[in-house]
Amino acid sequence: MTGAGLDALRAAILAQAGLADDAEAGGAVLLSERQRHAAQAAATALAAGVDGLRAGGTLELVAVDVRAGLAALAALVGDGVGEDVLDRLFARFCIGK
């Protein structure tokens, strides 16, 4: 929430992707309108989740935004986010289903 550790996270993601030595790494290249739309939807939904947390919103409502963001990211790469991933992500929260 504070942004602390984001540089280290980016570096770890780039290293995992084999792009750690690429000076251009980290810049997104979206090739289609579908990808642009999915990326924008993910950014919007995840920002809404962050805003909800900062405003003291309930975790249930924040979870709705995060799930929408995850679904948009999955659509971006052509993959689905299974319930097991979401269950692990929200395991520490008491969220009704």
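Structural data are supplied above this passage.
Here we summarise the structure given alongside this text. (Residues numbered from 1 in each chain as written. Predicted model: local features only at pLDDT ≥ 70, side-chain atom pairs only at ≥ 80, totals over all residues. Heavy atoms only, no water.)

### With respect to the overall build of the chain
Inclusion rule: Secondary structure is summarised from DSSP: a helix means a run of H or I of at least four residues, a strand means a run of E of at least two, and numbering begins at the N terminus for each. Working definition: with a 1.4 Å probe on protein chains only, accessible area under 20% of the residue-type maximum means buried, over 50% means exposed, and in between means partly exposed. When checking whether two residues touch, look at their non-hydrogen atoms; a contact exists if any pair is within 4.5 Å. Accessible surface area values rest on a Shrake-Rupley calculation with a 1.4 Å probe, where residue burial reflects the displayed protein chains alone.
The helix and strand inventory of the chain stands at four helices and zero strands. Across the chain, helices and strands are ordered from the amino to the carboxyl terminus as α-α-α-α. Across the 97 residues that make up the chain, the buried fraction comes to 18%. Long-range contacts, defined here as pairs at least 24 residues apart, represent 47% of the contacts in the chain between residues at least 6 apart. A total of about 7,100 Å² of accessible surface is found on the chain, and carbon and sulfur atoms cover 61% of it.

### A short note on the packing of helix H2 (residues 33-54) against helix H3 (residues 59-77)
Short version of the rule: Convention adopted: a line fitted to C-alpha atoms gives each axis, helices being fitted over their contacting stretch, and angles between N-to-C directions are expressed from 0 to 180 degrees. For classification purposes, an angle smaller than 35 degrees is called roughly parallel, one larger than 145 roughly antiparallel, one from 65 to 115 roughly perpendicular, and anything else oblique. Left-handed describes a crossing whose near helix is turned anticlockwise from the far helix through less than a right angle; right-handed describes the clockwise counterpart. In this classification, the charged set is Asp, Glu, Lys and Arg, the nonpolar set is Ala, Val, Leu, Ile, Met, Phe, Trp, Tyr, Cys and Pro, and all remaining amino acids, among them Gly, are polar.
With their axes 8 Å apart at the nearest point, H2 and H3 run at an angle of 160 degrees to one another. Considered as vectors, H2 and H3 are oriented roughly antiparallel to each other. H2 and H3 meet at a crossing whose hand is left-handed. On H3, the residues that touch Arg34, Gln35, Ala38, Ala39, Ala41, Ala42, Ala45, Leu46, Ala48, Gly49, Gly52 and Leu53 of H2 are Leu59, Val62, Asp65, Val66, Ala68, Gly69, Ala72, Leu73, Ala75 and Leu76. Taken together, the residues that form the contact of H2 with H3 break down as 16 nonpolar, four polar and two charged.

### Things to note about H3
The cut-off we apply is this: Any helix carries an expected span of 1.5 Å times its number of residues minus one.
Taking 1.5 Å of rise per residue, the 19 residues of H3 would be expected to cover 27 Å, and the 27 Å separating its terminal C-alpha atoms lies within 8% of that figure. Taken together, the buried positions of H3 are Val62, Ala63, Val66, Gly69, Leu70, Ala72, Ala74 and Leu76.

### Describing H2
Worth spelling out the cut-off: Starting at the helix axis, one direction is taken to each C-beta atom, and the arc is that of these directions.
End to end, H2 covers 31 Å across 22 residues, agreeing with the expected 32 Å (1.5 Å per residue, within 8%). All of the buried residues in H2 are Gln35, Ala38, Ala42, Ala45, Gly49 and Gly52. Angular distribution of buried residues about the axis of H2 spans 125 degrees; they occupy a single face of the element. Exposed and oriented more than 90 degrees from the buried face of H2 are Glu33, His37 and Arg54. The elements touched by buried residues of H2 are H3. Just downstream of H2, Gly56 is the residue with a positive phi angle, here 80 degrees.

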